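Overview (structure and organization)
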Amino acid sequence: MRKQKNFTEEQKCKLLKSPFVEKVYSNHIVYSIEFKQIAISKYKQGVIPVKIFIDADLDLELIGKKNAFNLIKKWLKESDKLPKFKSLEQEVKELRERNLYLEEMLYATKKFQELLD
């Protein structure tokens, strides 16, 4: 369990190596939206917060076991404010649709330019 108030520079560097940590202040960690979404999803599937943080290779000695529980509770309350997690398939589909739209716009612009010339 984390008993200290402030992180040392060494501890900050260790935490920042995780892809799930965006920033580390002297006494506060900012986690990525991706990690928050993953954590909420796993928690809803029945995984306990301690296991979620351990699976993400986040040091519970630095974070604190109690803090892991509190963070998950906080993120659950704020989950409606988080951007919705998209699957890779959803992301690809949206990008393909956008690409098609932009290609059509480019084609229409070229045709319009030909009419003006």
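Here the structure is a predicted model, which is why all the values come from computation and not from measurement.

Things to note about the overall build of the protein
A tally of regular secondary structure across the protein gives six helices and two strands. In sequence order, the secondary structure elements of the protein are arranged as α-β-β-α-α-α-α-α. Seen through its C-alpha atoms, the protein measures out along the principal axes to roughly 75 × 35 × 20 Å. Relative to its 117 residues, the protein shows a buried fraction of 26%. In the protein, 24 side chains carry a positive charge and 18 a negative one; their mean positions are 10 Å apart.

Topic: the environment of Ala39
Mapped onto the elements, Ala39 comes out in helix α2 (residues 33-44). Beyond its immediate stretch of four places on either side in the chain, Ala39 contacts Ile52, Ile72 and Trp75.

Focus on the nonpolar core
The biggest cluster of nonpolar side chains holds 22 residues, and the ones touching the most others in it are Tyr31, Phe35, Phe53, Leu58, Ile63 and Trp75. If you tally residues by element for this core, the top one is helix α5 (residues 65-78), at four residues. The residues touching Tyr31, leaving out its near neighbours within four places in the chain, are Phe20, Val21, Glu22, Lys36, Phe53, Leu58, Ile63, Leu71 and Trp75.

Rules used in this analysis
- Residues numbered from 1 in each chain as written.
- Predicted model: local features only at pLDDT ≥ 70, side-chain atom pairs only at ≥ 80, totals over all residues.
- Heavy atoms only, no water.
- Helix = DSSP H or I, 4+ residues; strand = E, 2+ residues; numbered from the N terminus.
- Buried < 20%, exposed > 50% of the residue type's maximum accessible area, 1.4 Å probe, protein only.
- Lys, Arg positive; Asp, Glu negative; His and termini not counted.
- Charge placed at Lys NZ, Arg CZ, Asp CG, Glu CD.
- Contact = heavy atoms within 4.5 Å.
- Core = buried A, V, L, I, M, F, W, Y, C linked by side-chain atoms within 4.5 Å.

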